Amino acid sequence: MKTSNPVLARLGQAAERERAAGYAPTGPYGAPGVPHQYPTQAGYPAGYPAAPPTVAPMSIDDVVVKTVALLGILGVSAAAAWVLVPDALVGTAWIGALVVTLVLGLIISFSRMANPALVVTYAVVEGVLVGMVSKAFETAYQGIVLQAVIATFGVFFVMAMLYKARVIRATPAFVKGMVAVMAGLFAVMLINLVLALFGVNTHLRDGSGLAIIFSLVCIVVAALSFVLSFKEVEDGVRMGLPQRYSWVAAFGILVSLVWLYFEILRLLSYFQGDD
């Protein structure tokens, strides 16, 4: 299976590796009608089957539980950073957390192994970033954080219902289009950041009409990215990936949620005063 979500891009490869290692997600006989050959066990005659693997396959419930757990960790970390980091160090903590989350995010996204400890660490550091960004916006625009949180989860649940009802489907054309748009947005945001460091204002983040349109586009794309995540989770469950890969799936959803939250936070700020 080819995958499109950059966060869950290794799931198909992981399934192949597990099969090659003798993992049988559907039981001792593999797929219906297809006998499964287990690797021989040390100490037994050649050809003697080893005991069936005992690793449980991932499920939708596993992904839900781990996503909630990561959100809880992120929330606690964000609250702690908000309270404990002095106002004078908010900017430093913001930049430091951003750099670390980018590095950890790339490692997790392109790693060939599901590493729960690394995913949890990402959630902690991401929480610091969320806390610092939220504190800065809340200081400037009182009440904006609660509005953004409600809107973020509202969009998430709407997208989940639309996907479950098959109103929106992750067709090959949809997937290709989303990947292209997300790559384009990332390039634009990166270029805008570099230009901003040199004092160049592209008007994409200054509250102008162009900035509002750009934020709306980012919000729509971030919302649609959940469709890719839901599809990859669904495929991972169907392929019988080991339970530990639910951490990778939960990580993918967490990344989209935080991106959506930041974009909604910024858009709301445009209607409450200068950025």
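Since the model is a prediction, treat every value here as computed from it, not as a measurement.

**Focus: the UniProt feature "transmembrane region" (unreviewed entry) in the protein chain**
Part 1 of the argument: In this numbering, the UniProt entry assigns the feature "transmembrane region" (unreviewed entry) to residues 63–85, 91–110, 117–134, 140–162, 174–198, 210–233 and 245–262.
Part 2 of the argument: Annotation note: span residues 117–134, helix share 100%, strand share 0%, distance between end C-alpha atoms 25 Å.
Part 3 of the argument: Measuring from the first to the last C-alpha atom of residues 140–162 gives 35 Å, for a span that is 87% helix and 0% strand.

**Let's talk about the packing of aromatic side chains**
How two aromatic rings sit relative to each other is given by the distance of their centres and the angle of their planes.
Part 1 of the argument: Taken as a whole and judged by the stated rule, the model has seven aromatic pairs.
Part 2 of the argument: Of the aromatic side chains, those joined through ring pairs into one cluster are Phe156, Phe157, Tyr163, Phe226 and Phe230.
Part 3 of the argument: For Arg166, the ring lying beneath its charged end belongs to Tyr163, and the centroid distance is 4.9 Å.

**Considerations on the nonpolar core**
Part 1 of the argument: Core analysis: the largest hydrophobic core is formed by 61 residues, its most contacted members being Leu70, Met159, Phe174, Phe226, Val227 and Leu265.
Part 2 of the argument: Counting residues per element, the ones that place at least two in this core are helix H2 (60–84), helix H3 (90–110), helix H4 (116–140), helix H5 (144–164), helix H6 (172–197), helix H7 (209–239) and helix H8 (246–270).
Part 3 of the argument: Looking at this core element by element, the count peaks at 16 residues for H8.
Part 4 of the argument: Once residues lying within four places of it in the same chain are set aside, the contact partners of Leu265 are Val133, Ser134, Phe137, Ile144, Val145 and Ala148.

**Points about the side chain of Ser77**
Part 1 of the argument: Note that Ser77 resides in helix H2.
Part 2 of the argument: Classification of Ser77 as buried rests on a relative accessible area of 11%.
Part 3 of the argument: Not counting chain neighbours up to four residues away, the residues in contact with Ser77 comprise Val124, Gly127 and Val128.

**Focus on the packing of H3 against H4**
Part 1 of the argument: At their nearest, the axes of H3 and H4 sit 8 Å apart, and the two run at 145° to each other. At the point where H3 passes H4, the crossing takes the left-handed sense. Where H3 approaches H4, its residues Val90, Ala93, Trp94, Ala97, Leu98, Val100, Thr101, Leu104, Gly105, Ile107 and Ile108 are matched on the opposing element by Leu118, Val119, Thr121, Tyr122, Val125, Glu126, Val128, Leu129, Met132, Val133, Lys135 and Ala136.
Part 2 of the argument: Across the contact of H3 with H4, the residue classes tally to 18 nonpolar, three polar and two charged.

**Let's talk about unusual backbone geometry**
Among all residues save glycine, negative phi is the norm, and among peptide bonds the norm is trans.
Part 1 of the argument: A positive phi is found at Arg166, a non-glycine position, where the angle reads about 60°.
Part 2 of the argument: Within the secondary structure, Arg166 is located in the loop between H5 and H6.
Part 3 of the argument: Here His203, not a glycine, exhibits a phi torsion of approximately 65°, which is positive.
Part 4 of the argument: Here His203 lies in the loop between H6 and H7.
Part 5 of the argument: For His203, a relative accessible area of 39% corresponds to the partly exposed category.

Rules and cut-offs
Residues numbered from 1 in each chain as written. Predicted model: local features only at pLDDT ≥ 70, side-chain atom pairs only at ≥ 80, totals over all residues. Heavy atoms only, no water. UniProt positions renumbered as here; feature names shortened; annotations may be inferred. Helix = DSSP H or I, 4+ residues; strand = E, 2+ residues; numbered from the N terminus. Phe/Tyr/Trp six-rings, centres within 6.5 Å; stacked < 30°, edge-to-face > 60°. Lys NZ or Arg CZ within 6 Å of the ring centre and 35° of its normal. Core = buried A, V, L, I, M, F, W, Y, C linked by side-chain atoms within 4.5 Å. Buried < 20%, exposed > 50% of the residue type's maximum accessible area, 1.4 Å probe, protein only. Contact = heavy atoms within 4.5 Å. Axes fitted to C-alpha atoms, helices over the stretch in contact; angles between N-to-C directions. Left-handed = near helix turned anticlockwise from the far one by under 90°. Nonpolar A, V, L, I, M, F, W, Y, C, P; charged D, E, K, R; others polar.

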